Amino acid sequence: MALGFRVIRAVGGAALALIMLLPGLAAAREPLRIAVIDMLSGPFALEGDAMVRHLRHMAEEFNKRGGALGRELEIIPFDNKGSPQESLVILRQVADRGIQYIAQGNGSHVAGALVEALEKHNQRNPDKPILFLNYSAINPELTNEQCSFWHFRFDANTAMRLNVITDYMVGQSKIRKVFLINQDYAHGQQVSSLTKEMLARKAPGIEIVGDVLHPIGKVKDFAPYIARIRAAGADTVVTGNWGNDLSLLVKAGAEAGLNVGYYTFYAGGFGVPTAIGEAGGDQVYQVTEWHRDLPMEENKPELAQLADVFTRQNGERIPWYFHRTSTLMGMLVRAVEQAGTAEPRKVAEALEGLSYPTALGVARMRAEDHQLLQPLYISRFSKAARYEAEHSGLGWVTVERVPAEQTALPTSCQMKRPE
């Protein structure tokens with residue numbers, strides 16, 4: 001009887017221990033949820049939807065390989081309608097649902113509000129912090145004066161992109177008169193001020209002949225702006241415009257027969273190549289972390305396959321474009337695995353200084369300010385491309401590649417890490 005009692009007691013103890021472990025095992029198998037807070041309605045809905053599709057595609061790819069520590073990655077979209085106020089309401093909903101990762105990018109004004117709110121939330125809730133993965137809000141202040149331990153940017157910021165663009169421009173003898181036209185919010189204002197500062201320093205002989213800020217997402221006819229560009233005698237336009245605001249600008253210029261070069265951030269996708277058409281051949285330039293017509297030595301099979309599979313699944317209207325989502329998801333999974341947990345603070349510590357090999361070269365998350373360093377490409381819209389964009393008959397030809405470390409700029413970040 002005593003022996004039987006000891007056996008039952010031992011078995012009961014093991015069962016109790018297993019029962020106590022079950023909640024932890026269940027939690028480990030719950031999806032690692034990422035709330036995407038972006039514009040899913042209104043004039044920039046296409047860009048927001050495209051980003052959600054890119055992130056979901058990469059989540060599915062990593063889920064096929066076991067996810068992150070056995071947990072599937074789940075993308076949960078929220079429509080913020082482009083509003084910082086709406087984004088803060090969503091952030092509270094995200095926190096109430098226990099989601100500890102957010103991703104956002106379309107709108108630096110939104111990103112700034114989220115960073116500020118997360119600093120307060122994470123101080124008040126140290127046991128339930130939220131980590132911010134920024135895929136395209138590129139105001140330099142987000143990794144300088146407003147830098148945060150809880151924020152990581154996976155896109156080159158405005159200053160980095162413009163430094164690459166202006167370095168290239170000063171080597172072009174035909175550029176003498178530059179017109180600036182940008183959306184009137186944080187990003188557009190930064191493009192304007194930084195372009196003027198960089199060109200004045202690098203090439204005093206280049207004249208700024210116009211500097212216009214227009215309402216974001218509200219201009220339907222850019223013909224009056226094109227008339228101002230022509231009247232100013234500009235030979236080059238620099239713009240940080242994106243989405244419809246870029247498509248309509250370049251289309252209006254083509255329709256008016258405006259003969260200028262356009263230096264852009266976002267001319268490669270979502271209707272812009274169609275709007276440019278043949279009239280814009282060899283006139284439009286972009287700076288990106290990837291494009292379909294990379295040099296042969298860098299256009300590796302895995303990159304072409306990724307782009308082809310995604311485009312077949314989503315159609316030519318939403319081609320593979322945001323290649324940085326591949327790096328973002330890959331680095332997140334790597335950081336979770338290195339930390340041995342999906343707890344945001346530990347993952348943030350693992351992300352700091354993390355180097356991640358990509359098909360285009362090593363990307364590194366700078367620890368000082370949480371700014372990703374990755375190779376950048378300047379490409380020109382041309383008939384000489386091997387792959388056409390949006391059935392336009394033209395595509396993007398690389399004119400310059402800038403290695404990751406050469407894209408780095410000094411930071412003024414004074415990072416405050418949690419105690």
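None of the values given here were measured: they were computed from a predicted structure.

S.K.: Can you help me understand the sheet that holds strand β5 (residues 151–153) in this one?
M.R.: In spatial order, the strands read β2-β1-β3-β4-β5; together these five strands make up an open sheet with parallel pairing. The open sheet terminates on both sides in strands that have one partner only, identified here as β2 (73–79) and β5. Each strand of the sheet is rotated relative to its neighbour by a mean of 25°, with strand direction disregarded. Where strand β1 (residues 32–38) meets strand β3 (residues 101–104), two bridges bridge the pair, whose relative direction is parallel. Among the inter-strand pairings, A35 is bridged to a residue of β3, identified as I102. Contacting β3, β4 (131–134) and β5, helix α12 (residues 344–351) runs over the sheet at an angle of about 45° to β4.

S.K.: Help me out: how do you make sense of helix α4 (residues 108–124) in this one?
M.R.: Spanning 17 residues, α4 covers 24 Å between terminal C-alpha atoms, matching the ideal 24 Å at 1.5 Å per step. Within α4 the residues assigned to the buried category are S108, V110, A111, G112, A113, L114, V115, A117, L118, H121 and N122. If you follow the buried residues of α4, they end up packed against α3 (84–96), β3, β4, β5 and α6 (186–202).

S.K.: When you look at unusual backbone geometry in this model, what are you seeing that I'm missing?
M.R.: The general pattern is negative phi for most residues beyond glycine and trans for most peptide bonds. With a phi close to 60°, D282 is a non-glycine residue in the positive phi region. Even without glycine at this site, H391 takes up a positive phi of about 55°. With respect to the element layout, H391 can be found in the loop between β14 (376–382) and β15 (395–402).

S.K.: Would you explain the pattern of salt bridges in this entry?
M.R.: If the charged atoms of two oppositely charged side chains come close together, the side chains can form a pair. Scanning the model with the defined rule gives 17 salt bridges in all. Put simply, D49 and R53 hold a salt bridge, and the shortest N to O gap is 2.9 Å. Of this pair, D49 and R53 both sit in helix α2 (residues 45–64), four residues apart, roughly one helical turn. Of the residues examined, R53 reaches a relative accessible area of 32% and is grouped as partly exposed.

S.K.: What should I look at first to understand the sheet that holds strand β9 (residues 261–264) in this one?
M.R.: Pairing between the strands of a sheet comes from backbone hydrogen bonds, and it takes one of two forms, parallel or antiparallel. Spatially, seven strands are ordered β7-β6-β8-β9-β10-β14-β15 in an open sheet, and the strand pairing comes out mixed. In the strand order of this sheet, the two ends are held by β7 (207–214) and β15, each with one partner. Each strand of the sheet is rotated relative to its neighbour by a mean of 20°, with strand direction disregarded. Examined bridge by bridge, strand β6 (residues 177–183) and strand β8 (residues 236–239) share three bridges and lie parallel to one another. Within the sheet, the bridge partner assigned to V178 lies in β8 and is T236.

S.K.: Is there a simple way to think about the state of the cysteines in this case?
M.R.: In protein chemistry, a disulfide is the covalent bond that joins the sulfur atoms of two cysteines. This structure, assessed with the given rule, holds one disulfide. Between C147 and C413 runs a disulfide, and the two sulfur atoms are separated by 2.1 Å. Around the S-S axis, the bridge from C147 to C413 shows a dihedral of about 85° and counts as right-handed. In this pair, C147 sits in the loop between β4 and β5 while C413 sits in the segment after β15, placing the two residues 266 residues apart along the sequence.

S.K.: I'm lost on the packing of aromatic side chains in this one. Help?
M.R.: A full pass over the atoms with the stated rule returns twelve aromatic pairs. Chaining the aromatic ring pairs together yields one cluster made of Y168, Y263 and Y285. Lying over the aromatic face of F62, R65 brings its terminal NZ or CZ to 4.8 Å of the ring centre. The ring of Y387 is capped by R292, whose NZ or CZ atom sits 4.0 Å from the centre of that ring.

S.K.: What should I look at first to understand the packing of α2 against helix α10 (residues 301–314) in this one?
M.R.: Two elements in contact, α2 and α10, have axes separated by 12 Å at closest approach and are oriented at 120°. In terms of axis orientation, α2 runs oblique to α10. Crossing of α2 over α10 shows right-handed handedness. Touching R53, H54, H57 and M58 of α2 are L306, V309, F310, Q313 and N314, all from α10. Its residues placed into classes, the contact of α2 with α10 shows four nonpolar, four polar and one charged.

What counts as what
Residues numbered from 1 in each chain as written. Predicted model: local features only at pLDDT ≥ 70, side-chain atom pairs only at ≥ 80, totals over all residues. Heavy atoms only, no water. Pairing = 2+ DSSP bridges. Helix = DSSP H or I, 4+ residues; strand = E, 2+ residues; numbered from the N terminus. Axes fitted to C-alpha atoms, helices over the stretch in contact; angles between N-to-C directions. Contact = heavy atoms within 4.5 Å. Expected span 1.5 Å × (residues − 1). Buried < 20%, exposed > 50% of the residue type's maximum accessible area, 1.4 Å probe, protein only. Salt bridge = Lys/Arg side-chain N within 4 Å of Asp/Glu carboxyl O. Disulfide = S-S within 2.5 Å. Phe/Tyr/Trp six-rings, centres within 6.5 Å; stacked < 30°, edge-to-face > 60°. Lys NZ or Arg CZ within 6 Å of the ring centre and 35° of its normal. Parallel < 35°, antiparallel > 145°, perpendicular 65-115°, else oblique. Left-handed = near helix turned anticlockwise from the far one by under 90°. Nonpolar A, V, L, I, M, F, W, Y, C, P; charged D, E, K, R; others polar.

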